[in-house]
Amino acid sequence: MKRYMFFLALFLTTLMVAVSAVHAQGGAVKAEKSVEVPVKEDVAAPEAKKFGFTAGVDYFSNYFWRGFDWYGENVGVFFPYANYEIGKTGLTLGYMGEYAAESAGDGTTPDNKKWYGADFGLSYTHTFGKSLTVFAKAWWFWYYKSKKQNEKLIEKNYDESYGTGTVGFTIDAIPLKPTFIYNHDYIKDDYDNTRETKKDYYAQFQLKHEFEMAAGTALTLLGNVGYFNNASANIKNDDTTKKKKGVSDVGAMIDLAATKGMVTFHGNINYAYIPDKDFYQITPEKKNKHRWWSGFGASLAL
C-alpha cells in the first residue's frame, strides 16, 4: 500500500507543478463540458458540432487496457470511431473499431485477429451548472472473428464479446476536476461453464486539466488510478490461470490538440505504472511494471 501511495503522491505533485507553471506563464484555462470516455477508458471523443456528428481515427503504439497489453506488448492499434449526439437530450450513439496495427502488414497473429472489434454504445451526460457532471454508458464490444479464430487455435468456438455498463461523475467546481468512474462487465461466453461472467469490474479515479495554449490549440494533462477485479481470468481445471485483482494501473497522459474549422489533430504521450503483481506481463525471466506509448489521431466534427 505504501508504494501505491508513493506513486500517486508523486503523480499528483508533478501535475500540480505543471498546472502552477502554466498559470504563472499566463495560460488561460479552457472550459470543459465533461470528461467523455466512450470506450476502453482511454479514448476521448472530441466535442460534436452543429449537427452532432463526429468521426475520426486514433492510433496508439501500444493497446494498454486495465494493466494489460491487449495485443501483446508494443503492438499498436487503430481505433476508427463515429459518434452522434441526439439533439440536446444528453444522449450519444457511438461506434468504435479495434484493429491491430499489423493488420496492414504481415505481422498480424491469429490471436490478434481474434480481437478485431466492432463496438457499439449509448451514453448519457448531464451537467449541473458549473459544479457537477454525471454520466452513464452502455457498450457492447463485439469481437466478430473470435469464434472462428478460437476454433482454429483451441478447437473451441468461444465468443470473446462482452458488454460494459459505466456510471460516473466529475466535480467541475474543484480544480483538476476529480472524476470517479465505475465499469461493470458482462462476458458473453463462460467457456463451457468454467469461468465467471458477471463479476469483473474496474474502478477509476481521474484528474484532468486543460489549457488553451493559443487560438484553437489545447494542452491536456490527465492522470488516473485504476483498480481491476478480473474474476474471469480464472479458468476452472486450468492451473495456469487465476483470478486477478488489485491496483492495475497508475497512469499519466499529455495530449496536444489543434483545431481548425471542423478538423482536429492531436498527439499524446502516455505512461503507466503497474503496481500489483497480478497485472505484470510475466514470463519466467521478465516482470515489466512500466509502460510508455504514444498516440495521434484526427477527427471531423459536423
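Residues numbered from 1 in each chain as written. Predicted model: local features only at pLDDT ≥ 70, side-chain atom pairs only at ≥ 80, totals over all residues. Heavy atoms only, no water.

1. Concerning the overall build of the protein
Working step 1: Looking only at helices and strands, one finds three helices and 17 strands in the protein.
Working step 2: Evaluated residue by residue, the protein yields a buried proportion of 47% over its 302 residues.
Working step 3: As presented, the protein carries roughly 15,500 Å² of accessible surface, and 62% of it is formed by carbon and sulfur atoms. (Helix = DSSP H or I, 4+ residues; strand = E, 2+ residues; numbered from the N terminus. Buried < 20%, exposed > 50% of the residue type's maximum accessible area, 1.4 Å probe, protein only. Areas by Shrake-Rupley, 256 points an atom, 1.4 Å probe, with all protein chains shown as cover.)

2. Regarding a positive patch on the surface
Working step 1: A grouping of K113, K145, K148 and K152 is seen on the molecular surface, where their side chains present a positively charged patch.
Working step 2: By the element assignment, K148 lies in helix α3 (residues 146-154).
Working step 3: Owing to a relative accessible area of 56%, K148 belongs among the exposed residues under this scheme. (Patch = residues over 30% accessible without salt bridge, like charges linked within 9 Å, V, L, I, M, F, W, Y side chains within 5 Å. Salt bridge = Lys/Arg side-chain N within 4 Å of Asp/Glu carboxyl O. Lys, Arg positive; Asp, Glu negative; His and termini not counted. Charge placed at Lys NZ, Arg CZ, Asp CG, Glu CD.)

3. What to know about the pattern of salt bridges
Working step 1: With the rule as written, the count across this model stands at eight salt bridges.
Working step 2: Between K114 and D111 there is a salt bridge whose closest N-O contact spans 3.1 Å. One end of the pair, K114, and the other, D111, are both in helix α2 (residues 110-114), three residues apart, so they sit about a helical turn from each other.
Working step 3: The class of K114 is buried, set by a relative accessible area of 10%.

4. What to know about the side chain of D58
Working step 1: Its place among the elements puts D58 in strand β2 (residues 53-60).
Working step 2: Reaching out from D58, the side chain makes a polar contact with the side chain of H266 at a distance of 2.8 Å. (Polar contact = N/O pair within 3.5 Å; in protein donor to acceptor, adjacent residues only side chain to side chain.)

5. So, the nonpolar core
Working step 1: Judged by nonpolar contacts, the single largest core of 27 residues is most densely connected at Y63, W70, Y71 and Y162.
Working step 2: Secondary structure elements with two or more residues in this core: β3 (64-65), β5 (77-85), β6 (91-100) and β8 (132-142). (Core = buried A, V, L, I, M, F, W, Y, C linked by side-chain atoms within 4.5 Å.)

6. Remarks on α3
Working step 1: All buried positions along α3 are accounted for by S146, Q149 and N150. The buried residues of α3 occupy an angular sector of 100 degrees when projected down its axis, which confines them to one face. Exposed and oriented more than 90 degrees from the buried face of α3 are K148 and K152.
Working step 2: On its buried face, α3 is in contact with α2. (Arc of directions from axis to C-beta. Contact = heavy atoms within 4.5 Å.)

Coordinates in, geometry out; function isn't part of it.
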